[in-house]
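Listed below, chain by chain, are the residues.
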Amino acid sequence: MQDRDHGLAARAAALDAADPIAHARSRFDLPPGIIYLDGNSLGALPACVPDAVAEVVRQQWGTDLIASWNSHDWWDAPLRAGNAVGRLIGAAPGQVAVGDSTSVNLFKCYVAAARMRPGRQVVLSDPGVFSTDQYVLEGAARLAGLQIVHAGPDDMPAVLAERGHEVALVSVSQVDYRTGELWDLPALTRAAHEVGALCLWDLCHSAGVVEVGLDEHEADLAVGCGYKYLNGGPGAPAFIYVPLRHQAAFDSPLTGWHGHARPFGMESGYRAATGIARTRVGTPPLLSLLALESALTAYEGLDLAQVRRKSLSLTGFFLDCVRELVPDVVVATPVEDARRGSQVALRHEHAFGVVQALIARGVIGDFRERDIVRMGFAPLYLSHEDTLAAALHLRDVLDAGEHLAERFASRATVT
Ligand SMILES: *Cc1c(COP(=O)(O)O)cnc(C)c1O
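It should be emphasised that the depicted structure is a prediction, and the values quoted were computed from it without experimental measurement. (Residues numbered from 1 in each chain as written. Predicted model: local features only at pLDDT ≥ 70, side-chain atom pairs only at ≥ 80, totals over all residues. Heavy atoms only, no water.)

Engineer: Before we go on, may I ask you to explain the packing of helix 5 (residues 102-116) against helix 6 (residues 131-144) in this structure?
Structural biologist: With their axes 9 Å apart at the nearest point, helix 5 and helix 6 run at an angle of 40 degrees to one another. Put simply, helix 5 runs oblique to helix 6. As for how helix 5 packs across helix 6, the hand of that crossing is right-handed. Listed contacts from helix 6 to Ser 103, Leu 106, Phe 107, Tyr 110, Val 111 and Ala 114 of helix 5 are Thr 132, Asp 133, Val 136, Leu 137, Ala 140, Leu 143 and Ala 144. Split by residue class, the contact of helix 5 with helix 6 holds 10 nonpolar, 2 polar and 1 charged. (Axes fitted to C-alpha atoms, helices over the stretch in contact; angles between N-to-C directions. Helix = DSSP H or I, 4+ residues; strand = E, 2+ residues; numbered from the N terminus. Parallel < 35°, antiparallel > 145°, perpendicular 65-115°, else oblique. Left-handed = near helix turned anticlockwise from the far one by under 90°. Contact = heavy atoms within 4.5 Å. Nonpolar A, V, L, I, M, F, W, Y, C, P; charged D, E, K, R; others polar.)

Take a look at the structure:
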């Protein structure tokens with residue numbers, strides 16, 4: 001391998017030896033022989049979670065039963081987990097709640113934002129955003145009488161300059177789920193504020209890997225998934241951020257009893273709770289919620305600046321590996337650090353086959369329409385050595401034409 005790896009193995013070893021968060025790898029259970037590059041779809045299992053969930057099931061549910069709502073403080077779990085997520089996205093306590101899905105939280109935000117900017121009808125949204133963000137916006141727009149105007153994040157400032165007075169909300173995903181491009185949260189938030197609009201950030205692909213700084217940059221609203229880089233497990237509840245300054249005006253369209261000022265008062269009419277609790281709807285999925293709360297302890301003692309540096313180091317090194325080992329492959333992800341999230345996307349006409357052939361070799365990434373090979377780099381459990389090994393497998397797949405094999409042509413439901 002020595003003559004064919006362009007000194008990459010020595011670089012990987014040096015980078016790993018100098019990695020200040022390499023110890024975090026031991027906080028995860030990953031099967032041997034696997035290089036897991038799909039932590040942006042379903043984060044790996046933190047080693048602490050199975051025992052935590054077993055305790056919740058056997059002791060809290062099985063033995064303590066209904067008393068657990070008080071004795072194990074199930075009631076406040078959405079806000080407790082919310083504060084833990086808040087630490088990772090730059091939100092002071094009392095501004096993040098965990099519950100529902102990202103789709104549902106988007107709905108709350110779209111409608112609440114429209115109600116916070118009466119008289120303004122336009123929502124400015126990226127047409128390339130993840131499907132559910134678009135679909136939910138369509139439904140919310142129909143209900144709230146909003147007009148959707150499409151513009152990519154690059155073009156949003158121009159649209160705001162022209163018709164900013166009509167814009168209620170600018171809605172952006174901080175990291176593009178396909179290309180991995182990182183958009184400028186401080187600048188776009190400022191541009192929205194300059195015309196009196198609000199800015200909503202979808203953090204699904206940035207929470208836990210990017211220094212988001214929601215409070216610092218005066219973000220208005222944010223949502224994100226619990227099961228991607230936050231490692232909360234399949235179907236983990238999502239989070240919603242409403243800063244203190246907007247909480248009194250945040251009028252959620254989903255007025256369930258957990259968001260009521262007196263949930264057990266059983267009053268005849270709805271009165272929203274004060275604070276972030278007003279974003280709550282109904283009884284949360286506690287097994288998933290408490291699994292996520294346990295999973296978040298994998299970040300204990302880690303500073304997001306360190307995590308971000310490691311993430312950039314992994315993706316930057318992978319880009320170097322691609323350039324050296326498979327120079328013909330087209331890279332869809334920006335090479336500048338400031339414009340890159342925590343994934344690298346490659347374009348290939350047989351992208352689906354490439355992903356399948358890599359999976360057969362134990363390198364797990366995923367395929368996204370139409371021609372994207374997507375590789376997520378979770379800085380807590382990946383090394384530069386893993387990164388190089390993934391690139392070497394990619395080279396070998398392409399050299400041997402393994403991606404063209406008949407058995408890699410048929411698609412399962414989830415790609
Ligand atoms: C993963 C993801 C979602 C997922 O939404 P769910 O409601 O959890 O299915 C939404 N938006 C973006 C941008 C995502 O990446």
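Engineer: I'm lost on the pattern of salt bridges in this one. Help?
Structural biologist: Two side chains with opposite charge may pair up if their charged atoms get near one another. One pass over the full model with this rule turns up 20 salt bridges. Here Glu 267 and Arg 262 are joined by a salt bridge, their closest N and O atoms 3.0 Å apart. A network of salt bridges, in which partner residues are shared, links Arg 11, Asp 320 and Arg 323. (Salt bridge = Lys/Arg side-chain N within 4 Å of Asp/Glu carboxyl O.)

Engineer: What is the right way to look at the packing of helix 4 (residues 77-89) against helix 10 (residues 286-295) in this model?
Structural biologist: Two packed helices can be described by the angle between their axes and the distance between those axes. Across the interface, helix 4 lies against helix 10 with an axial gap of 10 Å and an inter-helix angle of 30 degrees. The orientation of helix 4 with respect to helix 10, classified from their angle, is roughly parallel. Read as a crossing pair, helix 4 and helix 10 show a hand that is left-handed. Across the interface between the two elements, Ala 77, Pro 78, Arg 80 and Ala 81 from helix 4 touch Leu 286, Leu 289, Leu 290 and Glu 293 from helix 10.

Engineer: Explain the site of the ligand to me, please; I cannot follow it from the model alone.
Structural biologist: As a structural note, the neighbourhood of the ligand is formed by 13 residues, with Ser 103, Asp 133, His 205, Tyr 227 and Lys 228 the closest of them. Here an oxygen atom of the ligand and a side-chain polar atom of Ser 103 are 2.6 Å apart. Within the side chain of Lys 228, a nitrogen or oxygen atom sits 2.6 Å from an oxygen atom of the ligand. Taken by itself the ligand offers 390 Å² of open surface, and the protein chains cover 86% of this. Of the residues belonging to the shell around the ligand, the class tally is 4 nonpolar, 6 polar and 3 charged. (Near = heavy atom within 4 Å. Polar contact = N/O pair within 3.5 Å; in protein donor to acceptor, adjacent residues only side chain to side chain. Areas by Shrake-Rupley, 256 points an atom, 1.4 Å probe, with all protein chains shown as cover.)

Engineer: Help me understand unusual backbone geometry in this model?
Structural biologist: Most peptide bonds are trans, and most residues other than glycine sit at a negative phi. Of the consecutive residues Glu 369 and Arg 370, the connecting peptide bond is found in the cis state with omega at -5 degrees. Its place among the elements puts Arg 370 in the loop between strand 14 (366-368) and strand 15 (372-376). Positive phi, normally seen in glycine, also occurs at Met 266, with a value near 50 degrees. Relative to the assigned elements, Met 266 resides in the loop between helix 9 (244-247) and helix 10.

Engineer: Please explain the nonpolar core as it appears in this structure.
Structural biologist: A general tendency of soluble globular proteins is for nonpolar side chains to be buried together. Formed by 96 residues in total, the largest nonpolar core has its most connected members in Ile 89 and Trp 201. For this core, the element with the highest residue contribution is helix 11 (residues 304-325), accounting for 9 residues. In contact with Ile 89, other than residues within four places in its own chain, are Val 96, Leu 203, Ala 207, Val 212, Gly 213, Leu 214 and Phe 239. Grouped together as the second largest cluster of nonpolar side chains are 25 residues, Leu 106, Val 111, Leu 137 and Leu 200 included. (Core = buried A, V, L, I, M, F, W, Y, C linked by side-chain atoms within 4.5 Å. Buried < 20%, exposed > 50% of the residue type's maximum accessible area, 1.4 Å probe, protein only.)

Engineer: For this particular structure, what's the right way to read the environment of Asp 154?
Structural biologist: Along the chain, Asp 154 falls in the loop between strand 6 (147-150) and helix 7 (156-163). Expressed as a C-alpha distance, the spacing of Asp 154 and Arg 142, which sit 12 residues apart in the sequence, is 26 Å.

Engineer: Would you mind going over the packing of aromatic side chains with me for this structure?
Structural biologist: We describe a pair of aromatic rings using the distance from one ring centre to the other and the angle between the two ring planes. Within this structure, the stated rule accounts for 10 aromatic pairs. Relative to Trp 257, the ring of Trp 75 has its centre 5.9 Å away and its plane inclined at 65 degrees; by these criteria the two rings are edge-to-face. Of the two residues, Trp 75 is situated in the loop between helix 3 (68-71) and helix 4 and Trp 257 in the loop between helix 9 and helix 10; the sequence distance between them amounts to 182 residues. Between Phe 352 and Phe 367, the aromatic rings sit 5.4 Å apart at their centres with planes inclined by 90 degrees, giving edge-to-face as the arrangement. Placement of the pair is Phe 352 in helix 12 (residues 351-360) and Phe 367 in strand 14, with a sequence separation of 15 residues. Phe 367 sits in the buried class, given a relative accessible area of 1%. An aromatic cluster is present here, built from Trp 69, Trp 74, Trp 75, Trp 257 and Phe 264 joined pairwise through their rings. Sitting over the ring of Phe 130, Lys 228 keeps its end group 5.7 Å from the ring centre. (Phe/Tyr/Trp six-rings, centres within 6.5 Å; stacked < 30°, edge-to-face > 60°. Lys NZ or Arg CZ within 6 Å of the ring centre and 35° of its normal.)

Engineer: Any chance you could explain the sheet that holds strand 8 (residues 198-202) here in plain terms?
Structural biologist: Backbone-to-backbone hydrogen bonds join strands into a sheet, with any given pair of strands oriented parallel or antiparallel. Reading across the sheet, the 7 strands line up as 4-10-9-8-7-5-6 and stay open at both edges, with mixed pairing between neighbours. What marks the edges here is a single partner per strand, and that holds for strand 4 (96-98) and strand 6. Across the sheet, the mean angle from the axis of one strand to that of its neighbour is 20 degrees, orientation sign disregarded. Of the pairings in the sheet, the one linking strand 7 (residues 167-173) to strand 8 comprises 5 bridges and is parallel in character. Bridging from a neighbouring strand, Leu 169 pairs with Leu 198 of strand 8. Contacts between helix 4 and the sheet are confined to strand 4 and strand 10 (239-241), with strand 4 contributing the most and set at about 125 degrees to the helix. (Pairing = 2+ DSSP bridges.)

Note that all results are geometric; they support no functional claim without further evidence.
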